[in-house]
Amino acid sequence: MRKWVNWSIFGLVGLLLAIATLIFHYFILPIAIRYQVTKTLELKNGTEAWDRFVNTPIPVMLNVYFFNLDNPEGVLQGETPKVTQVGPYVYREKWEKVDIRIDEERDTIFYRQKIDFEFDQKQSGSLSDKDIVSIINPVVHVVTKIIDGLQALNLTNEVIEFALPTMARENYGPVFTASVHDILLGGVRIHCSGNLPFIVKFLCAAFKRFLPLPYLSLADNGDLMAAIFKFKELGPVMELNRGSRDPNMIGRIVSMDGRRKLTSWKCDSANIVDGYDMTMLSPFNKRTSIPLFTYDLQSTLQMQYETDVSFEGIGGYRFVLAPDVFGDPATNPKSRCYCPGSIKNLTIPPPCMKGSGVLDVSSCIGAPVILSNPHFYGASENYKSAVKGLQPEKNLHESFLELEPTTGVPLQGKRRIQVNVNAQKRTDVKLLRNHVDAVIPMMWIDEGASLGGKEISLLKDQLLFVMNIENIGRWILFSVGILFLVIGVSMAIIRKRQEDSDIYDLEED
């Protein structure tokens, strides 16, 4: 009798081992991992997570492409614009958070994002930041639209036509010619100083009312200096959750310049300051969506899950920009929220853009500039067909983010944005009297980073190695338990039958 009982106990041990393995994997281990991850990622001064937060250890590479306008005189006469892409002009970005202050009561951190730009001659090849490019002239179109929208000024178009040539001087025409460095960082001069006509001084004073603006600064002599990346050198004051009390809130933006709600867009939902900092994402992500707050667009952008990926042997999720931002306001109610508001509460809000694939950021940056995916990837046909020389491709022109889901650590990402001018014919302005109506690209950027060897090893050693070992061990223990169960039950049945047979034989005898 004892042998089949022993085998039954052997099978029971296997069953308990299999159950214990499942309990450990599905209940105990997640708690242990959550504790370890949150402890590792918690933003406390003196920790590795803090050091990585303050000084981003991964170099961010910025590739800039310009669109030279090949037929400027033809565009003035209504011809379809023809552009030729030049680039990339490669810059190495160094990200550092400055003016840091911790609020213990709110469990938040206040900081400003500082970015230093260094031109990378090696990666740029034969190109130089001193190269001269000739792009569609934004000055004429931007200034004209701003003056049109001013509520406090009643300026006639004759005055606009008189003042702009004096302010823009060499850049009053169909193309804007300047060096790459000046357009991006150095600044292109808008003349507002010296012995100028009254109307020019009056117009300059009107534009100075818009200051501070992300792309515009005041020179010592009173001139205005315009540089596209000026705002990126030192960002606004951001408030971010440390996650000490709630790990799911790690990296969540709380306010910008002390405000929880902005006025850039038409809907309250688009104006709420909410979402994660791109350099600090929360752990334990799912295959859904991630809200990212970007201070240059002053809004939360939803990144939606696309597919599973593998990066250097690390499994991750890939997220792409949700369609609402670049959607068609006529058919997508959520996209109507991204119709622009007033600039500094001084201008009349412009109408929504027609079709999909473009975004008017007038109220964000203080100038009627249109953003899109590079080469109008994913945009309505009316935008793509209005310009010759574009070749949209998903792999080259789509923004994406790939992250390790358990830790929330970004594996690699690309932010790809094109800057466009909404050029329109104006019968009352001589220069624009026969101008083509089209959204014409000026340039586009490919800004991205990926984990280096040191960061990959650190991620693998601190968490993924333990998880992989546990995963292997789980199946081994579970298999051993099931094997014990099968053997124990089988042998118990066999032994029981043998013993029953032996008893039957004895009774026959």
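The structure we're discussing is the one just above.
Criteria and thresholds
Residues numbered from 1 in each chain as written. Predicted model: local features only at pLDDT ≥ 70, side-chain atom pairs only at ≥ 80, totals over all residues. Heavy atoms only, no water. Buried < 20%, exposed > 50% of the residue type's maximum accessible area, 1.4 Å probe, protein only. Helix = DSSP H or I, 4+ residues; strand = E, 2+ residues; numbered from the N terminus. Arc of directions from axis to C-beta. 1 Å grid on protein atoms, 1.4 Å probe; cavity = no way out; pocket = protein on both sides within 12 Å on 5 of 7 lines; lining within 4 Å. Points joined across faces, edges and corners; volume = space filled by probe spheres on them. Nonpolar A, V, L, I, M, F, W, Y, C, P; charged D, E, K, R; others polar. Pairing = 2+ DSSP bridges. Axes fitted to C-alpha atoms, helices over the stretch in contact; angles between N-to-C directions. Disulfide = S-S within 2.5 Å.

*Asks:* How would you summarise helix α8 (residues 198–208) if you had to cite specific residues and measurements?
*Replies:* Of the positions making up α8, those classed as buried are I199, V200, L203, C204, A206 and F207. Buried positions in α8, seen along its axis, are confined to an arc of 155 degrees and lie on one side of it.

*Asks:* Please provide a residue-by-residue account of unusual backbone geometry, values included.
*Replies:* Excluding glycine, a negative phi dihedral is what most residues carry, and trans is how most peptide bonds are arranged. Residues G87 and P88 are joined by a peptide bond in cis, for which omega reads 10 degrees. For P88, the position within the fold is in strand β2 (residues 83–103). In the Ramachandran plot, D99 falls in the positive-phi region, its phi being about 50 degrees despite a non-glycine side chain. Within the fold, D99 resides in strand β2.

*Asks:* Explain empty space enclosed by the protein to me, and be specific about the residues and the numbers.
*Replies:* One pass over the full model with this rule turns up four cavities of 30 Å³ or more. Estimated volume of the largest cavity: approximately 220 Å³. Listing elements by their share of the lining of the largest cavity, those giving two or more residues are β3 (108–119), α9 (230–233) and β11 (289–294). The biggest single contributor to the lining of the largest cavity is β3, with three residues. Of the residues assigned to the lining of the largest cavity, the class counts are nine nonpolar, three polar and five charged. Looking at the second largest cavity, its volume works out to about 70 Å³. Lining the second largest cavity we find V325, G327, P329, S335, Y338, C339, P340, C352, M353, V358, L359 and D360. Among the residues forming the lining of the second largest cavity, the class breakdown is nine nonpolar, two polar and one charged.

*Asks:* I'd like to hear about the sheet that holds strand β6 (residues 188–190), residue by residue, with values.
*Replies:* Here three strands make up an open sheet; going across it, the order is β6-β8-β7 and the pairing antiparallel. Each edge of the open sheet is held by one strand with a lone partner, namely β6 and β7 (216–218). On average, each strand axis in the sheet is inclined to that of its neighbour by 35 degrees, with strand direction left out of account. Direction of pairing for β6 relative to strand β8 (residues 224–226): antiparallel, over a ladder of three bridges. Within the sheet, the bridge partner assigned to V188 lies in β8 and is A226.

*Asks:* Mind laying out the state of the cysteines, listing which residues take part and the relevant values?
*Replies:* All told, the structure shown has one disulfide when counted by the stated rule. Between the sulfur of C192 and that of C204 lies a disulfide, 2.1 Å long from S to S. Residues C192 and C204 are joined through a disulfide that is left-handed, its torsion about the S-S bond being -85 degrees. You can see C192 sitting in the loop between β6 and α8 and its partner C204 sitting in helix α8, a full 12 residues away along the chain.

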